[in-house]
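One letter stands for each residue in the lines below.
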Amino acid sequence: MELTLKEVQHVAVLARLRLTPEEEKQFTEQLGRILQYMEKLGQLDTSQVEPFDHAATSANAFRDDIVSNTPNPAAILANAPAKEQTFFRVPKIIE
Amino acid sequence: MKYESVIGLEVHAQLLTQSKIFCGCSTQFGQAPNYNTCAVCIGFPGVLPVLNKKVVEFAIRAGLATHCEITRSSRLARKNYFYPDLPKGYQISQYELPICANGYVDIDLDGTSKRVRLTRIHMEEDAGKNIHDGHGDSSLVDFNRAGVPLLEIVSEPDMRNPAEAGIYLRTLRAILQYLDICDGNMEQGSFRCDANISIRPQGTDALGTKVEIKNLNSFKAIEKALEYETARQMDTLSEGGKLIQETRLWDENKEQTRAMRSKESAHDYRYFPDPDLLPVVIDEKWIDEIHTSLPELPGTRRSRFLSQYALPLYDAELLTSRRDIADYFETAVTIYPNAKAISNWIMGELFRILKERKLDQQLYIKTWPVRAEYLAELVQLIDQDKISGKIAKMVFDALVDAERSPQTIVKEKGLEQVSDVARIETSIDQILAAYPKQIADYRGGNEKIFGFLVGQVMKSMQGKANPQKVNEILKAKLSCTIST
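Heads up: these notes are all about the structure in this document. (Residues numbered from 1 in each chain as written. Chains lettered and ligands numbered in written order. Predicted model: local features only at pLDDT ≥ 70, side-chain atom pairs only at ≥ 80, totals over all residues. Heavy atoms only, no water.)

Digging into the overall build of chain B
This is how the line gets drawn: The helix count covers DSSP runs of H or I at least four residues long, the strand count covers runs of E at least two residues long, and both are numbered beginning at the N terminus. The atom set for the radius of gyration is the C-alpha atoms, and the globule formula is 2.2 Å times the number of residues raised to the power 0.38. With a 1.4 Å probe rolled over the protein chains alone, any residue whose accessible area is under 20% of its type maximum counts as buried; one over 50% counts as exposed, and the rest are partly exposed. Note on definitions: a residue-residue contact is assigned when non-hydrogen atoms from the two residues lie within 4.5 Å. Per-residue and other accessible areas follow the Shrake-Rupley method at a 1.4 Å probe size, with only the shown protein chains counted as cover for residues.
Check the secondary structure of chain B and you find 15 helices and 17 strands. In terms of overall dimensions, chain B is more spread out than a globule: its C-alpha atoms have a radius of gyration of 30 Å, far above the 23 Å expected for 484 residues. Here the C-alpha coordinates of chain B stretch approximately 100 × 55 × 50 Å along the principal axes. Taking all 484 residues of chain B together, 52% fall into the buried category. Intrachain contacts of chain B at a sequence separation of at least 6 include 69% that bridge at least 24 residues. When the accessible surface of chain B is totalled, it reaches about 22,700 Å², and 50% of it is carbon and sulfur.

Regarding the packing of aromatic side chains
All names here are of chain B. We count it as follows: Stacked, tilted and edge-to-face are the three classes applied to pairs of Phe, Tyr and Trp rings, where Trp contributes its six-membered ring and a pair requires centres within 6.5 Å; stacked means planes under 30 degrees apart, edge-to-face means over 60, and tilted covers the rest. Only Lys NZ and Arg CZ are tested; either one counts as a charge over a ring when it is within 6 Å of the ring centre and within 35 degrees of the ring normal.
With the rule as written, the count across this model stands at 13 aromatic pairs over all chains. Of the aromatic side chains, those joined through ring pairs into one cluster are Tyr81, Tyr95, Tyr269 and Tyr271. Stacked on the ring of Phe219, the Lys or Arg Arg170 has its end atom at 4.4 Å from the ring centre. Sitting over the face of the ring of Phe450, Lys475 holds its NZ or CZ atom 5.0 Å from the ring centroid.

A word on the packing of helix α12 (residues 421-434) of chain B against helix α14 (residues 448-460) of chain B
All names here are of chain B. Selection criterion: Between the N-to-C directions of two axes lies an angle of 0 to 180 degrees, each axis being a line fitted to C-alpha atoms and, for a helix, fitted only over the stretch in contact. Roughly parallel here means an angle under 35 degrees, roughly antiparallel means over 145, roughly perpendicular means 65 to 115, and every remaining angle is called oblique. Handedness of a crossing follows from how the near helix is turned relative to the far one, being left-handed for an anticlockwise turn of less than a right angle and right-handed for a clockwise one. In this count, Pro and Cys sit with the nonpolar residues alongside Ala, Val, Leu, Ile, Met, Phe, Trp and Tyr, while Asp, Glu, Lys and Arg are called charged and the others, Gly among them, polar.
It is at 9 Å that the axes of α12 and α14 come closest, and there the two elements cross at 125°. As summarised for this structure, α12 and α14 are arranged oblique, according to the angle between their axes. As α12 runs across α14, the sense of the crossing is right-handed. Mapping the contact onto sequence places Ser427, Ile428 and Ile431 in α12 and Leu453, Gln456, Val457 and Ser460 in α14. Grouping the amino acids of the contact of α12 with α14 by side-chain chemistry returns 4 nonpolar, 3 polar and no charged.

Rendered as structure tokens:
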């Protein structure tokens, strides 16, 4: 499958990446090659194979509904680039 | 052309767990900003979320109560988007394999039942909260709510007008409250709703262009927004305009919807199974256990109240709208089986006190201002002619917060009804002697005077006289006077 420049631009927007025109072109080629390689899998007959959606072979890792954390907002906020009281402060969000 | 609206609803119900969905932080509402947070719900690198078993249990409860199929092997997925209230850059939710699917809720439209199908119910984490106003060029973020467990309950577009949507939401909310999994508080945001609405010519089947409405914070807002949106869409079409698929925001103050600035590619969430979380596999045994623990649900209970207690539909609906009230009613009726009288006292006097004390805002009332046993006894005292209805209201007020039975109160305050003929006669004789002019009027044909005289007798006996006896004796005496 050929990847288009437009698709790369779209994915870049979704991932909040600012790409130069050169990078867009470069990644279109590189990502396209990776996708083409993956397409080889499509040649296999998988009609009898269960869909693989998780690498783990087990299931159901649960925790009980117990409050076990000791609140420590100071530690949580320690690495915040900006804060106000115990809030995180971010550039104004416009809806 | 006549149009009908086609409405589907998406409900987010906050679950009543102690801890968050993937970490051991408290879910308590109203804490200081970022107090209930940790490395997991804040999305620090390298942390591992672990699913709260209670969330799965609650989801199955909701699924069974709404006739869903329970997915035997379900997955958690990442929904990717950027927003400051979403610390990880993705929300852990479910996509292809939701825990519950293909259910329904039967709603009651003035005595006829209508089935609203449910597409799916899935588990997910809530986001944090942004504060936009009053901080200059900044917004503030509080993550106490981030990671609080939610059920998203998605209906099929089966509702045909705003009123039906309102009834569906109330019905769904009552079910969740009966199940004890969500407090249903819309103001605090623990029961939220987004609506999808389109219109189409009546009698056609194709779906029109749908609009999603957000920011609906009360039942009133939902019904109003849907009415507004129906009218707006009809106007647009009748003026030859075209509708576009968009998300609109309900403006409570202006009472209208407005288009949200469309986020580009807003719906490209690139879901994929979360590699940090194992599949959720549910066996028959677990489902059976939960099934047997389900309470009688509002619809079933309402039908039973109609047949078992012969209550009017209005009473049955109101009493079963909350599990605690229905329980209260049944406790009282078990003690003294005058169902209608007990229902009247609950809907009248008890509701008045619940409202005054704001107890009706509690999810489950544990301590009642008047004990159910006492209410039953009160009704019994009235039925046995031991107290009059008027006195009963006084006794009821005295029962509030009281540790004494109605019988004790009646005795202590000397409120027992007087049916003793001699005592009533004495009082009547005094009144007759005191009002010769009125009696002359009555003789002259003014029958209204009779009521006045009864009132005077009751007053002179502090309301304790048996009104029936007073009526009988007074009538007899007056006719005697006339004949002599």
